[in-house]
Amino acid sequence: RARAPGTMPELPEVESARALCEAHCLGATVTSVAFLEDGTFDEKIFEGTTAAAFRSALMGKTLVSARRLGKHMWWELGVKQGKHGKKAKPSEKTDASPVFHFGMTGAMSVRGEGAMKYKSFEVDTTSWPPRFAKLVVEFDSGVALAYTDPRRFGKVRLVRGDVRTSPPISQLGFDPLLAMPNADAFVAAYAKRAAPIKAALLDQKIAAGVGNWIADEVLYQARVHPETPAKQLSRAQLERIRTEMGNVVRKSVEANADADAFPEDWLFHRRWGKVAGSVNGSRIEFITVGGRTTAFVPALQKKGKAGDEASEAEAKPAKKKRGAAAPAAPPPKKAKKAPPVKARNKAAAA
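Since the model is a prediction, treat every value here as computed from it, not as a measurement.

The rules behind these values
Residues numbered from 1 in each chain as written. Predicted model: local features only at pLDDT ≥ 70, side-chain atom pairs only at ≥ 80, totals over all residues. Heavy atoms only, no water. Helix = DSSP H or I, 4+ residues; strand = E, 2+ residues; numbered from the N terminus. Buried < 20%, exposed > 50% of the residue type's maximum accessible area, 1.4 Å probe, protein only. Contact = heavy atoms within 4.5 Å. Areas by Shrake-Rupley, 256 points an atom, 1.4 Å probe, with all protein chains shown as cover. Pairing = 2+ DSSP bridges. Axes fitted to C-alpha atoms, helices over the stretch in contact; angles between N-to-C directions. Polar contact = N/O pair within 3.5 Å; in protein donor to acceptor, adjacent residues only side chain to side chain. Arc of directions from axis to C-beta. Lys, Arg positive; Asp, Glu negative; His and termini not counted. Salt bridge = Lys/Arg side-chain N within 4 Å of Asp/Glu carboxyl O. Left-handed = near helix turned anticlockwise from the far one by under 90°. Nonpolar A, V, L, I, M, F, W, Y, C, P; charged D, E, K, R; others polar. Disulfide = S-S within 2.5 Å.

## Some remarks on the overall build of the protein
Reasoning step 1: On a plain count of helices and strands, the protein comes out with 8 helices and 14 strands.
Reasoning step 2: A burial count over the protein gives 45% of its 350 residues as buried.
Reasoning step 3: For the protein, the share of sequence-separated contacts (at least 6 apart) that also reach a separation of at least 24 residues comes to 67%.
Reasoning step 4: Of the accessible surface of the protein, which amounts to about 18,100 Å², a share of 52% is contributed by carbon and sulfur atoms.

Structure, rendered in structure tokens:
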């Protein structure tokens, strides 16, 4: 299988980072905050804050929970109270949450425990801190966590108060893993959109976390052409997209974003690098939709009503037309004639 050049973290990859933080850092208190490998502060990544403010916001705080919505992840921090070490919820006046957006190459890793999964590259954790580390946080449990970002397109922000009611989180749509809308709401979200359905699926204000490879996989599984205007799709097509979006997200998260564990028949394994190929015996083509490279299978993903009819035909067995005559039964085979009596007597005597 071809490697995936320039793949970006989507919902499953960010969920694997959230799970990594929760598994190793939950309930631990921050004892150290460091920045670049040489100790300097990357102002491009740490948008709208300073090294002193960021360090102050984390030092002495306890990780209460690791949250995610779409492609964004954040930490809810509290303070330990009393001898029993109870954790308080973040205070709007004194506490802030670090919010992470991974850009193209952002990743989380834990010393001695590995890193979040990517198809296109691996974070080298054989040395610590890892190469391209932008943030290294140590906890009183002995755990050390690093955020790395070679291409520096990621963002780390401090957000005061309830993260969910402040940008960028407040600007996001539904999360297909956490809160998939019912069929009526899902259809309504896309039914009036004039944009191609591929572009509409990438709109984070509608569905947060759906990126390029997920959109392609969903449309392939739903048998919908990516250039079809969303408002031209039938309700049945939009409902299939909803079903497949749920399936693709759920299965990729269950695999912890490990591409080798994704279903073998997925388009995902054969869509990278614009390399001509096929999936399940059908040819893959590449086009540009909404400014993004798009892989699809023309034989299975047809435009308009033809595509809807083709999908229905593939999903259901052909129905017998009402009133149509049943096919004629084949004529019965002629019975073989018994041999004459004399011939039978001779055979028995022999």
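Back to the write-up after that little detour.
## Some words on the sheet that holds strand E10 (residues 144–148)
Reasoning step 1: Spatially, the 5 strands line up as an open sheet ordered E1-E9-E10-E7-E8, and their pairing is antiparallel. The sheet is open, and its two borders are formed by strand E1 (30–34) and strand E8 (114–115), each paired with just one other strand.
Reasoning step 2: As paired elements, strand E7 (residues 107–110) and E10 share 4 bridges and run antiparallel to each other. Following the sheet pairing, methionine 108 is matched in E10 by tyrosine 147.
Reasoning step 3: Each of E7, E8, strand E9 (133–139) and E10 is contacted by helix H1 (residues 11–25), which is oriented at about 25 degrees to E7, the strand it contacts most.

## Points about the side chain of arginine 68
Reasoning step 1: If you trace the backbone, arginine 68 turns up in strand E2 (residues 62–69).
Reasoning step 2: Here the side chain of arginine 68 touches glutamate 15 through a polar contact of 2.8 Å, side chain to side chain.
Reasoning step 3: A distance of 3.0 Å separates the side chain of arginine 68 from the backbone oxygen of glycine 70, its partner in a polar contact.
Reasoning step 4: Filtering out sequence-adjacent residues up to four positions away, arginine 68 remains in contact with Leu11, Val14, Glu15, Arg18, Met73, Trp74, Asp175, Leu177 and Leu178.

## Side note on helix H2 (residues 51–58)
Reasoning step 1: If you check which residues of H2 are buried, you get Phe54, Ala57 and Leu58. What you see down the axis of H2 is that its buried residues fit within an arc of 90 degrees, all on one side. Turned more than 90 degrees away from the buried face of H2, the exposed residues are Ala52 and Ser56.
Reasoning step 2: Of the surrounding secondary structure, the elements contacted by the buried residues of H2 are E1, strand E3 (72–78), strand E6 (96–101), E9 and strand E11 (155–160).

## Notes on the side chain of glutamate 10
Reasoning step 1: Here glutamate 10 lies in the segment before H1.
Reasoning step 2: Although glutamate 10 is buried, it makes no salt bridge; lysine 71 carries the closest opposite charge, 5.7 Å away.
Reasoning step 3: Reaching out from glutamate 10, the side chain makes a polar contact with the backbone nitrogen of glycine 211 at a distance of 3.0 Å.
Reasoning step 4: With residues up to four places along the chain from it excluded, the contact list for glutamate 10 reads Lys71, Gly209, Val210, Gly211, Asn212, Trp213 and Ile214.

## Some words on the sheet that holds E2
Reasoning step 1: Taken together, 4 strands build an open sheet; the order of strands is E2-E3-E6-E11 and the sheet is antiparallel. The strands lining the two open edges of the sheet, one partner per strand, are E2 and E11. Here the strands of the sheet are splayed against their neighbours by 25 degrees on average, with no regard to which way each runs.
Reasoning step 2: Two strands pair when backbone bridges link them, and E3 and E6 are joined in this way by 3 bridges, in the antiparallel orientation. Directly across from methionine 73, in E6, lies its bridge partner phenylalanine 100.
Reasoning step 3: Against the sheet, H2 contacts E3, E6 and E11, and its axis sits at roughly 60 degrees relative to E11.

## So, the packing of H1 against helix H6 (residues 235–254)
Reasoning step 1: The N-to-C vectors of H1 and H6 enclose an angle of 40 degrees; their axes lie 9 Å apart at closest approach. As for the relative orientation of H1 and H6, their crossing is right-handed in sense. Every residue of H6 that contacts H1 at Leu11, Pro12 and Glu15 is listed here: Val249, Ser252 and Val253.
Reasoning step 2: Residues of the contact of H1 with H6, tallied by class, amount to 4 nonpolar, 1 polar and 1 charged.

## Remarks on the state of the cysteines
Reasoning step 1: Taken as a whole, this structure holds 0 disulfides when the rule is applied.
Reasoning step 2: Left unpaired, cysteine 21 is separated from the closest cysteine sulfur, that of cysteine 25, by 5.6 Å.
Reasoning step 3: Exposure remark for cysteine 21: the relative accessible area of 0% places this residue in the buried category.
Reasoning step 4: We classify cysteine 25 as buried; its relative accessible area is 0%.

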